[in-house]
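Observations on the model geometry
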Amino acid sequence: ILDHCGGADFNAETFSQWRDGILEIAALPNVACKISGIIASGPQARHVDQLRPVVEHCIGAFGWGRVVWGSDYPVTAHGPTLAAWVAATHAILAGCSPSEKEALLCTNAATLYRLAKADLAPAKA
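So, here is what we can say about the structure in this document.

About the criteria used
Along each chain, numbering runs from 1 in the same order as the chain's sequence is written. With the structure being a predicted model, the display of local features is reserved for residues of pLDDT at least 70 and the display and counting of side-chain atom pairs for 80 or more, all residues being used for whole-chain, interface and lining totals. Excluding hydrogens and water, the side-chain values take into account all heavy atoms of the structure. Aromatic pairs are defined between Phe, Tyr and Trp rings, using the six-membered ring for Trp, whenever the two ring centres lie within 6.5 Å; interplanar angles under 30 degrees are classed as stacked, those over 60 as edge-to-face, and all others as tilted. Strands are runs of DSSP state E lasting at least 2 residues, helices are runs of H or I lasting at least 4, and numbering of each runs from the N terminus. Each residue is placed in one exposure class: buried if its accessible area under a 1.4 Å probe, protein chains only, is under 20% of its type's maximum, exposed if it is over 50%, and partly exposed if it falls in between. What makes a salt bridge here is a side-chain nitrogen of Lys or Arg within 4 Å of a carboxyl oxygen of Asp or Glu, nothing more. For our purposes a nonpolar core is just a set of buried Ala, Val, Leu, Ile, Met, Phe, Trp, Tyr and Cys residues, chained together by side-chain atoms within 4.5 Å. Two residues qualify as a contact provided that any one of their heavy atoms is within 4.5 Å of a heavy atom in the partner residue. Cavity: a set of points on a 1 Å grid over the protein atoms alone where a 1.4 Å probe fits but cannot get out. Pocket: an open set with protein on both sides within 12 Å along at least five of seven lines, its lining residues, like those of a cavity, having an atom within 4 Å of a point. Grid points are joined across faces, edges and corners, and a volume is the space filled by probe spheres set on the points. Note that Gly is not counted as nonpolar here; it falls among the polar residues with everything else outside the nonpolar set of Ala, Val, Leu, Ile, Met, Phe, Trp, Tyr, Cys and Pro and the charged set of Asp, Glu, Lys and Arg.

Side note on the packing of aromatic side chains
- A full pass over the atoms with the stated rule returns two aromatic pairs.
- Where F15 meets W18, the ring centres are 5.2 Å apart and the plane angle is 35°; that geometry is what we call tilted. Highlighted residues: F15 and W18, both in helix α2 (residues 15-26), separated by three residues, approximately one helical turn.
- Residue class for W18 comes out buried when judged on its relative accessible area of 7%.
- Look at W69 and W85: their rings are 5.9 Å apart centre to centre, the planes differ by 15°, and that puts the pair in the stacked class. With W69 in strand β2 (residues 67-69) and W85 in helix α4 (residues 82-92), this pair connects stretches of sequence that are 16 residues apart.
- Residue W85 is classed as buried on the basis of its relative accessible area, which comes to 0%.

Shown next, in the form of structure tokens:
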């Protein structure tokens, strides 16, 4: 699993190199991509409009069946909050189908990490 969107590059001058690298890695059928780590990349990666191209490129390159979402907790406790990352993710996914959202946020993780889907459900109090 390629972590943190492959170290997404938010520098406009080198963004195309990162994009090309993601396409090369995505061509390997045994690699998946974790949509994570990017909101903590620095101040240039704090807004949905800045995060969206990275997330959409990774999903486009790997497809809905080979992407998983990561919370980055507890790292998000030292910069942008987990709540900010969750809100940004939901904003980016606003136009996606329920099955696409479920794949990214749940089903793919269960498959890739060999978990029962029930293991991903919130704990009951």
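So much for the structure itself; the text now carries on.
So, the pattern of salt bridges
- For the structure on display, the rule yields two salt bridges.
- For D3, the salt bridge goes to K34, with nearest N and O atoms at 3.4 Å. Within this pair, whereas D3 is found in the segment before α1 (4-7), its partner K34 is found in strand β1 (residues 33-35), the two being separated by 31 residues in sequence.
- Residue R52 pairs with E56 through a salt bridge whose shortest N-O separation is 3.6 Å. Placement of both R52 and E56 in helix α3 (residues 48-62) is noted, with a separation of four residues, approximately one turn of the helix.
- Given the relative accessible area of 25%, R52 is considered partly exposed.

A closer look at the nonpolar core
- If you look at the biggest cluster of nonpolar residues, it comprises 26 residues, and the most contacted ones within it are C5, W18, I35, I38, L51, V54 and F62.
- Taken together, the elements giving at least two residues each to this core come down to α2, β1, α3 and α4.
- A per-element tally of this core places α3 first, with six residues.
- With residues up to four places along the chain from it excluded, the contact list for I35 reads C5, V55, C58, V67, V68, W69, G70, W85 and L104.

Brief notes about unusual backbone geometry
- In this model, C5 sits at a positive phi of 55°, which is unusual for a non-glycine residue.
- With respect to the helices and strands, C5 occurs in helix α1.
- On the accessibility criterion, C5 (0% relative accessible area) is buried.
- Positive phi values are uncommon outside glycine, yet R114 reaches one of about 55°.
- Checked against the element boundaries, R114 lands in the segment after α5 (98-112).
- For R114, a relative accessible area of 75% puts it in the exposed group.

Quick look at empty space enclosed by the protein
- The tally for this structure, following the rule as stated, stands at one cavity of 30 Å³ or more.
- Of the voids in this model, the largest cavity is the one considered here, and its volume is about 30 Å³.
- Ranked by residues supplied to the lining of the largest cavity, first place goes to α4 with three residues.
- Classifying every residue of the lining of the largest cavity by side-chain character gives seven nonpolar, one polar and no charged.

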